[in-house]
Amino acid sequence: MNALRLLWSILRKKPSYLIATIILVFFAFLAIFGPMFYPNGVPSNPADLYAPPSWQWPLGTDYAGNSTFAQIVIGARYVLSVAALAAVFTMFIGVTLGVLSGFFGGAVDTVIMRITDFILTLPSYPLLIIIAATVPISGPVPMALLLSINSWGGLARAIRSQVLSLKKQDYIEAARVLRLGSGHIAFRQIMPLMMPYIVMHLILAVTGAVYGETGLFFLGIVPIEATNWGVMLNYAYSQAGAIYSPSSVFYLASPLAAILLLQLSSVTFSDALNDFFNPQLRSAYAD
Amino acid sequence: MLLKRIGMAILMIWMTLTTTFFLVRLMPGNPMTLKLHTFLKQGIPYPIAVKRVQMLFGINAHSPMWQQYLSYLWEFIRGNLGISIQYPGTSVLSLIGKALPWTVFTVGVSLFLSFAIGVALGTIGAYRRNGIFDRIMSPLSALLNGVPNYLTGTILLFIFAVVVIWFPQQGPYGTGLNPGFNLPYLGSVLYHGALPIGSYILSQFGGWYLLMKSNTLSTLGQDYISGAKSFGIPSGKIMQSYVAPNAILPLFTNLVLSLGFMFGGSVFVETIFSYPGIGYLFGTATSNRDYPLMEGLFALITITVIVSNLIADLFYLKLDPRITLEDLN
């Protein structure tokens with residue numbers, strides 16, 4: 001209860017934090033309930049191409065008369081579920097390898113860090129593209145796995161250095177004297193202290209994954225399987241040269257705006273979480 | 001120590017080649033087996049089909065995997081990257097050679113401009129922190145820094161080549177021009193390069209702004225700056241001779257590093273503007289499943305990143321006498 005009250009006081013003090021949270025909650029709402037508003041799929045009228053925004057078409061229509069607004073709403077589920085899954089996979093790989101590397105040191109550390117260096121060196125988009133071109137990708141889970149292949153490097157390094165400094169603390173020495181076992185010390189004693197850091201990076205990993213997936217759909221490299229924002233960008237580009245006509249402005253701008261809004265509010269929300277978790281910043285909000 | 005660092009880079013390049021080889025070769029339905037089966041279905045006898053595949057991919061599909069792998073590495077060292085599938089009869093190396101200058105031009109110019117803009121504005125932002133300029137620039141930079149270049153590219157294309165037609169939509173230069181060292185051609189190249197370069201700059205300079213601002217702020221807090229002030233040295237002189245060099249120094253590493261990463265990011269910008277650099281080539285190679293070309297381009301891009309890493313380390317060593325190679329590892 002106390003934590004919630006603190007979070008609320010942080011959000012209330014800075015309007016940008018509050019707006020970001022509201023936008024994120026709104027997107028989460030779209031992702032969960034969005035497709036239920038359109039049980040019959042995207043409403044469309046083939047006679048009404050590139051319609052301007054109106055009561056019937058809140059964001060206008062696309063090259064085939066499909067409602068742009070409905071595509072944004074329905075597309076949110078795929079985009080956000082892939083991003084959330086990818087972020088969780090990234091966290092899992094990065095945290096596990098970082099903790100193992102920092103805690104055990106020696107040969108384990110050397111091997112894991114060499115692999116991490118290698119992954120960090122590989123240029124990310126070309127790697128994703130070449131894998132997507134060789135391995136058949138379909139469905140949200142393989143897509144999320146693909147996106148997390150090379151996104152965990154920075155996190156693993158950061159976690160490792162945190163573990164290295166935490167390892168020298170007195171209470172870890174005490175746990176060792178009590179013979180609590182390495183697994184217990186690594187995952188029960190050390191990891192909870194890094195939770196704030198992990199949660200903040202989870203949010204940022206979501207935005208990274210959104211960019212990655214929309215980029216792949218935009219290039220048309222992964223098979224198009226569902227309505228989502230990246231596919232919309234791809235169609236705006238490839239279908240009948242929609243991008244080359246000024247009348248397609250709403251069809252083009254809507255997915256762009258959705259992606260940018262999501263990015264901006266995620267970054268702002270992670271700042272808010274930083275204020276929440278960081279005791280030095282937190283005291284500024286105490287009444 | 002230097003040899004060890006170079007050895008690491010070579011090890012990385014070897015790992016890259018190995019990864020690409022096994023990624024493309026071991027996949028079910030890999031391009032070589034597919035091609036072999038197509039030939040066999042066309043009624044071509046097996047030995048001839050194997051020969052043809054060998055000509056296409058530079059690898060004998062009949063031999064065991066380790067032999068294929070070794071011959072792939074050997075051919076790569078000799079500079080033979082195979083023959084493209086989508087442009088039959090053209091070697092991968094010559095395709096890359098034709099595309100590379102365009103990417104080096106756009107990426108190089110954008111990197112230089114975004115660095116210069118970011119450093120200049122970042123210094124102003126640090127000196128006038130909490131002023132109106134920094135209050136606008138810091139959030140704007142944070143937003144732009146994370147935005148991938150395919151979004152800025154699409155937005156620029158739509159605004160400046162569709163809504164108001166100030167710049168051309170695609171291509172490296174206008175039609176009917178004589179490529180060479182003449183004014184109309186060079187002017188057209190700059191004119192056509194403006195939007196791709198603008199897209200890179202928009203998604204890059206924010207990062208430089210934030211880095212430069214924080215570096216300048218931490219340099220301003222150093223004792224030797226207070227010392228210089230107490231000697232009565234004019235603040236313009238302090239900025240030029242004490243603050244700026246120390247604040248920019250760490251940025252050089254990032255500068256060389258981002259060169260490699262921009263090569264990778266060129267896939268999107270060049271596809272958007274149909275700009276015939278290596279990124280565009282990579283995009284078309286992927287959509288046509290031109291595996292030899294894809295492998296060659298991926299190897300080239302990755303080697304660029306690895307070599308820039310190496311250069312960044314050596315460069316840093318030279319610029320900052322306090323750092324040793326030991327610290328970098």
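Here the residue numbering is sequential within each chain, running from 1 through the sequence in written order. Each chain is given a letter, starting from A, and each ligand a number, starting from 1, according to the order in which they appear as written. A pLDDT threshold of at least 70 governs which residues receive local features in this predicted model, and a stricter bar of 80 or more applies before side-chain atom pairs are shown or counted, although totals over entire chains, interfaces and linings include all residues.

Some remarks on unusual backbone geometry
Residues and elements named next belong to chain B.
At step 1: Phi angles above zero are rare outside glycine, and Ser 274 is one such case at about 45 degrees.
At step 2: Strands here mean DSSP runs of E at least two residues long; helices mean DSSP runs of H or I at least four residues long; both are numbered from the N terminus. Looking at the secondary structure, you find Ser 274 in the loop between helix H10 (235–272) and helix H11 (278–287).
At step 3: The exposure class of Ser 274 is partly exposed, given the 13 C-beta atoms found within 10 Å. Between the buried cut of 20 or more and the exposed cut of 12 or fewer other C-beta atoms within 10 Å of a residue's own C-beta lies the partly exposed class, and all C-beta atoms are placed from the backbone.

Structural notes on the environment of Ile 225 of chain B
Residue and element names in this part refer to chain B.
At step 1: One can find Ile 225 in helix H9 (residues 223–230).
At step 2: A sequence separation of 13 residues divides Ile 225 from Ile 238, and the C-alpha atoms of the two residues are 7.4 Å apart.
At step 3: Contact between two residues is assigned when their C-beta atoms, built from the backbone, lie within 7 Å. For Ile 225, the residues in contact, after removing those within four places along its chain, are Thr 219, Leu 220, Ile 238, Tyr 242 and Val 243.

Observations concerning helix H6 (residues 140–148) of chain A
At step 1: Looking only at H6 of chain A, the buried set comprises Met 143, Ala 144, Leu 146, Leu 147 and Ser 148 of chain A.
At step 2: For H6 of chain A, the elements touching its buried residues are helix H3 (68–104), helix H5 (124–134) and helix H9 (182–219) of chain A.

Section: the domain arrangement of chain B
Residue and element names in this part refer to chain B.
At step 1: All the domain ranges listed were derived from an automatic or database domain assignment. When the domains of chain B are assigned, the result is domain 1 (2–77) and domain 2 (92–328).
At step 2: At the interface, 12 residues of domain 1 touch 13 residues of domain 2.
At step 3: In terms of residue count, helix H1 (residues 2–26) provides more of the side of domain 1 that touches domain 2 than any other element does, 10 residues in total.
At step 4: Classifying every residue of the side of domain 1 that touches domain 2 gives 9 nonpolar, 2 polar and 1 charged. Residue type decides the class: Asp, Glu, Lys and Arg count as charged, Ala, Val, Leu, Ile, Met, Phe, Trp, Tyr, Cys and Pro as nonpolar, and the leftover types, Gly among them, as polar.

A look at the interface of chain B and chain A
At step 1: Contacts between chain B and chain A engage 39 residues on the former and 31 residues on the latter.
At step 2: When residues of the side of chain B that touches chain A are traced back to their parent elements, those giving at least two are H1, helix H6 (132–146), helix H7 (149–163), H10, H11 and helix H12 (291–319) of chain B.
At step 3: In terms of residue class, the side of chain B that touches chain A is built from 26 nonpolar, 12 polar and 1 charged.

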